[in-house]
Amino acid sequence: QVQLVESGGGLVQAGGSLRLSCSASGRTFSLYNMGWFRQAPTKERELVATLRWSGDNTYYTDSVKGRFTISRDNAKNTVYLEMNSLKPEDTAAYYCALDSARLRFAPTALHEYSVWGQGTQVTVSS
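To start, this report covers the structure provided alongside it. (Residues numbered from 1 in each chain as written. Predicted model: local features only at pLDDT ≥ 70, side-chain atom pairs only at ≥ 80, totals over all residues. Heavy atoms only, no water.)

## Digging into the sheet that holds strand β3 (residues 18–25)
Taken in spatial order, the four strands line up as β1-β3-β8-β7 in an open sheet, and their pairing is antiparallel. The open sheet has two free edges, formed respectively by β1 (3–7) and β7 (68–73), since each of these has just one partner strand. On average, adjacent strands in this sheet sit at an angle of 15° to one another, irrespective of strand direction. Both β3 and strand β8 (residues 78–83) contribute to a ladder of six bridges, which runs antiparallel. Bridge pairing in β8 places L20 opposite L81. (Pairing = 2+ DSSP bridges. Helix = DSSP H or I, 4+ residues; strand = E, 2+ residues; numbered from the N terminus. Axes fitted to C-alpha atoms, helices over the stretch in contact; angles between N-to-C directions.)

So, in structure tokens, the structure goes:
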């Protein structure tokens, strides 16, 4: 089965930037939709962004539109989340996930994603 590993988290001041990476191994990456989710302390996991397998369609939750960008490099089996203008409320553990259904638009529901990474912590200070 495919395995996902996130990296790039850390501590950053408000207004700063981070780029998260999600590297896949064990299975072909290019045919699958990908998503980024986050979970803040005491809160439920929520969708941040999705990217269709073809790379031609994206979705962002309202709170990150205009600040975050999801992208993929199939040659490197990696999906990225570029985060700019970070706010303290962006503090959370960020998770990469894979939708194993092929040749469709990336779903927005958590249960549609079959494979999850271990998460990487992002902390934004004031």
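## Notes on the environment of T91
Locating T91 in the fold gives a position in the loop between β8 and β9 (92–102). Distance in space between the C-alpha atoms of T91 and L103 is 33 Å, their sequence separation being twelve residues. With sequence-adjacent residues up to four places away left out, T91 is seen in contact with A40, Q121, V122, T123 and V124. Within polar-contact distance, the side chain of T91 engages the backbone oxygen of P88 at 2.9 Å. Only 2.9 Å separates the side chain of T91 from the backbone nitrogen of V124, close enough to count as a polar contact. (Contact = heavy atoms within 4.5 Å. Polar contact = N/O pair within 3.5 Å; in protein donor to acceptor, adjacent residues only side chain to side chain.)

## A look at the packing of aromatic side chains
Applying the stated criterion across every chain, the model contains two aromatic pairs. A centroid spacing of 5.2 Å and a plane angle of 75° characterise the contact between F37 and Y113, whose relative ring orientation is edge-to-face. Here Y113 lies in the loop between β9 and β10 (115–116) and F37 lies in strand β4 (residues 32–39), a separation of 76 residues in the sequence. The same class applies to F37 as to Y113, namely buried. Ring geometry for F37 against W116: centres 4.8 Å apart, planes inclined by 50°, an arrangement best described as tilted. In this pair, F37 is assigned in strand β4 and W116 in strand β10, connecting sequence segments 79 residues apart. Classification of F37 as buried rests on a relative accessible area of 0%. Of the residues examined, W116 reaches a relative accessible area of 27% and is grouped as partly exposed. Within the aromatic cluster, the residues linked to one another by ring pairs are F37, Y113 and W116. A cation sits over an aromatic face here: R45 above Y95, 3.7 Å from the ring centre. (Phe/Tyr/Trp six-rings, centres within 6.5 Å; stacked < 30°, edge-to-face > 60°. Buried < 20%, exposed > 50% of the residue type's maximum accessible area, 1.4 Å probe, protein only. Lys NZ or Arg CZ within 6 Å of the ring centre and 35° of its normal.)

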